[in-house]
Amino acid sequence: MSHLLSVVVATPAHAGLGAALTYEHPEVLAPGTLVRVPLGKREVLGVVWDGAPLDTGADLATRPITEVFTPLAPLPASWRQLVGFAGRYYQRSLGEVALAALPPQLRELNGVQLARRLKRQPGPATAHTPPPVPALSPEQTEVMARLHTARQPVLLFGSTGSGKTEVYLRSVQQLLESDPQAQALIMVPEINLTPQLEERFGERFGADGVVAMHSGMTPPQRLASWLAAHSGAARIVLGTRMAVLASLPHLRLIVVDEEHDPSYKSQEGARYSARDLAVYLAKQVNDSHPTPDGEASHCRVLLGSATPSLESWHASETGRYVRLAMPSRIGGGCLPRLRLVDMNHQPRKTLLAQPLLDAITERIGRGEQSLLLLNRRGYAPVLACHDCGWKSECAHCSAHRVFHKIDRTLRCHHCGFTERVPRACPACGNLDIAPLGRGTEQIEEHIIERLAGVLRPDGQPAQVARMDADSTRLKGSLEQHLARMHSGEVDVLVGTQMVAKGHDFRRITLVASVNADAALFASDCRAPERLFALLMQAAGRAGRDASLGAGSEMWVQTGYPQHPLFAALRQHDYPAFAAQELKDREAAAMPPFAFQALVRAEARSQETAQGFLNEAAALATELPGADQVTVFPAVPMTIQRVANVERAQMLLESPTRMALQRFLAAWQPVLLDTRQGPAGKGLIRWAIDVDPLNL
Ligand code: ADP
Ligand code: ZN
Ligand code: ZN
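It should be emphasised that the depicted structure is a prediction, and the values quoted were computed from it without experimental measurement. (Residues numbered from 1 in each chain as written. Chains lettered and ligands numbered in written order. Predicted model: local features only at pLDDT ≥ 70, side-chain atom pairs only at ≥ 80, totals over all residues. Heavy atoms only, no water.)

(A) The UniProt feature "binding site: Zn(2+) 2" (unreviewed entry) in the chain, seen in detail. Per the UniProt entry, the sites bearing "binding site: Zn(2+) 2" (unreviewed entry) are Cys-394, Cys-397, Cys-412 and Cys-415 in this numbering. A maximum C-alpha distance of 8.7 Å among these annotated residues, which run over 22 residues, shows that they cluster at one spot. Note on placement: Cys-412 falls in the loop between strand S18 (409-411) and strand S19 (418-420). Looking at the element boundaries, Cys-415 is found in the loop between S18 and S19. Owing to a relative accessible area of 29%, Cys-415 belongs among the partly exposed residues under this scheme. (UniProt positions renumbered as here; feature names shortened; annotations may be inferred. Helix = DSSP H or I, 4+ residues; strand = E, 2+ residues; numbered from the N terminus. Buried < 20%, exposed > 50% of the residue type's maximum accessible area, 1.4 Å probe, protein only.)

Structure below.
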């Protein structure tokens, strides 16, 4: 006698959304059990799923499950619900989302090998002596008290340096003490913030129960972390967005630090928002563990930021989230004073204004550090010929190749196409080709030149370092850069937004934004929000040590010093900025007052890509929800061609999430049909992006 079971396996992205396959097995297996099953000629990893198996019909023989991963507990119900929701909401197949959430190495192991891995697993925690814990500030104390009673998601609106991380640490501590099994998930937006966080959590709780999860880890490391979380051995999981899809059977606390950060939105596969999934997941855990009185099994979700996303801010205005504020910096440190440099009054082609250079020099003399921020790596974004107008365009993309002086290359940051810098203009032979615009390499070179002869208090020459995706590519180089910065070896750090976020650099008293004007007038409605957040974040790197902080400054070089964004920045007034932005968004019927999705298509020609989208839209006018969804005509994407592929997109907008969801679900099969039909001829791929961040 054998039982029929539904099993989810990795299925193509769009195929048969939500469908599981049917297999047979001598025993009933609990939903969430990991298995290996035959699929065609292969054998693949699968997860036993909830619900009755599909009726396969009498003529189709079901195949047996090959192997059951008995040493592993089934994946928890909250995980299955989360994965199911993510698939439905982001319009991907259940199989794709479920299998992508598992560590890749799991697919290669059989039950015996896995059992062996489980024996690698750490033993009982070694004794750990926690360091002295600081007494909480009045604001932290108040927040901790209110956190305890909050039943909704909490938005922790805390200035940079207000001690948000300490609140996370205390919340975790309380949880671990009150519940011997409970697990906490702490997410940060960037891999480069995880070492610092691991150190702080390891120091407080001992390294044994803390694991990391991010894409920079090797497959064996990822598997080990995943198993530790799944078995409950890891009480604390620190990670980037992927960690939200970990299996955490005793999850009771989720922290999303820097919740406004766009890196929480995945840009491939299921384009999920880890922040939004965190909120959903906490609700699932709560719904499945009703707690009339006991605190213990409640799952809290804590979103922290000095510059919340407008979505979360709005939710905290309407009462969906509880907002708790920590406006003051720990130790009474002040937020830096804003110094605007009007570049219209500077000599043409000025890279760094003289007063800014003077202020940096002064700080070097006092043994303080400065941070120069420019959101563009390389030496210059374009190389150009002034005689004939030639520019360093990429042959394969509608974009310029960036000039990297360090290795004398022209590199496309979209497709990677790289060539040596030509000796002369490839079009007219002119020898005098010159960089246009500036990148971090150029600022680094310039500041080294300008600081020649400037000495530190120890009599040594001033040291400049650069931190961006190029300078931190090699393994270990990021840690090296951070260590040099923390030890005080570096006086001036030049970097992209990578350095603006989250780091607790103690000796920085000056931060300068070299040129952010492009973002003031970008067409993307989220550009001002991002710029404001970036500048506030960057400002937050300065004056973190109150004994140095009194004279800390945030410099901004701009051609538009009158722009209202700077007035709010001067006051460190995020609420005023958010109020204005929300008003504009409401008037324009933009998120969070409307809901959006994008459908993107790629083909060898724009015509094909747009034709596919427009054809599918023409077939959708009668679909459920269509009366409440505005479908805009297909347009080329901002960077229309990448690696010789033409890209188009179509925007959908609706006043309600429900209508948009209903419409998208009904439209999927139409898109699949269109793909198979004449309008899909020559199409390379298409994908839906729900709640897109980049229009
Ligand atoms: P945020 O995450 O809000 O930027 P942190 O939690 O990193 O702030 O705190 C900023 C600095 O203040 C850190 O060096 C931290 O160790 C310190 N700190 C935080 N809370 C306290 C406290 N209650 N007493 C003393 N120092 C604290
Ligand atoms: Zn030329
Ligand atoms: Zn290119």
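(B) Broad picture of empty space enclosed by the protein. Under the defined criterion, the tally for this structure stands at 2 cavities of 30 Å³ or more. Roughly 50 Å³ of volume is contained in the largest cavity. Surrounding the largest cavity, Ser-78, Trp-79, Leu-82, Val-244, Ala-246, Ser-247, Leu-248, Leu-251 and Leu-281 form its lining. Here the residues of the lining of the largest cavity are counted per class, giving 7 nonpolar, 2 polar and no charged. (1 Å grid on protein atoms, 1.4 Å probe; cavity = no way out; pocket = protein on both sides within 12 Å on 5 of 7 lines; lining within 4 Å. Points joined across faces, edges and corners; volume = space filled by probe spheres on them. Nonpolar A, V, L, I, M, F, W, Y, C, P; charged D, E, K, R; others polar.)

(C) Seen up close, the packing of helix H5 (residues 164-178) against helix H6 (residues 194-205). Put simply, H5 and H6 touch, their axes get as near as 11 Å, and they point 40 degrees apart. In terms of axis orientation, H5 runs oblique to H6. Judged by the sense of rotation from one axis to the other, the crossing of H5 with H6 is right-handed. Mapping the contact onto sequence places Thr-165, Glu-166, Tyr-168, Leu-169, Arg-170, Val-172, Gln-173 and Leu-176 in H5 and Leu-197, Arg-200, Phe-201, Arg-204 and Phe-205 in H6. In terms of residue class, the contact of H5 with H6 is built from 7 nonpolar, 2 polar and 4 charged. (Axes fitted to C-alpha atoms, helices over the stretch in contact; angles between N-to-C directions. Parallel < 35°, antiparallel > 145°, perpendicular 65-115°, else oblique. Left-handed = near helix turned anticlockwise from the far one by under 90°. Contact = heavy atoms within 4.5 Å.)

(D) How the structure looks around the sheet that holds strand S4 (residues 42-48). With respect to topology, 6 strands assemble into an open sheet ordered S5-S2-S1-S4-S3-S6, the strand pairing being mixed. The open sheet has two edge strands with one neighbour each: strand S5 (63-64) and strand S6 (67-68). (Pairing = 2+ DSSP bridges.)

(E) Layout of the coordination of the zinc ion (ligand 2). With distances of 2.2 to 2.4 Å, the protein atoms coordinating the zinc ion (ligand 2) are Cys-385 (SG), Cys-388 (SG), Cys-425 (SG) and Cys-428 (SG). Geometry at the zinc ion (ligand 2) is tetrahedral, judged from its 4 donor atoms and the angles of 105 to 113 degrees they form at the metal. By relative accessible area, which is 40% here, Cys-428 ends up partly exposed. (Donors = N, O, S within 2.8 Å, 3.2 Å for Na, K, Ca; no water. Tetrahedral: all angles 85-135°; square planar, octahedral: opposite > 155°, others 65-115°.)

(F) Layout of the site of ligand 1. As a matter of local geometry, ligand 1 sits amid 18 residues, with Ala-135, Gln-140, Gly-161, Lys-164 and Thr-165 nearest to it. Take Ala-135: an N or O atom from its main chain is 2.8 Å from a nitrogen atom of ligand 1. Within the backbone of Gly-161, one N or O atom sits 2.8 Å away from an oxygen atom of ligand 1. Out of a free accessible area of 560 Å², ligand 1 has 79% covered by protein chains. More than half of the atoms belonging to ligand 1 lie within 2 Å of the grid points that define the second largest pocket. Residue contributions to the shell around ligand 1 peak at 3 residues, all from H5. (Near = heavy atom within 4 Å. Polar contact = N/O pair within 3.5 Å; in protein donor to acceptor, adjacent residues only side chain to side chain. Areas by Shrake-Rupley, 256 points an atom, 1.4 Å probe, with all protein chains shown as cover. Sits in = over half its atoms within 2 Å of the grid points.)

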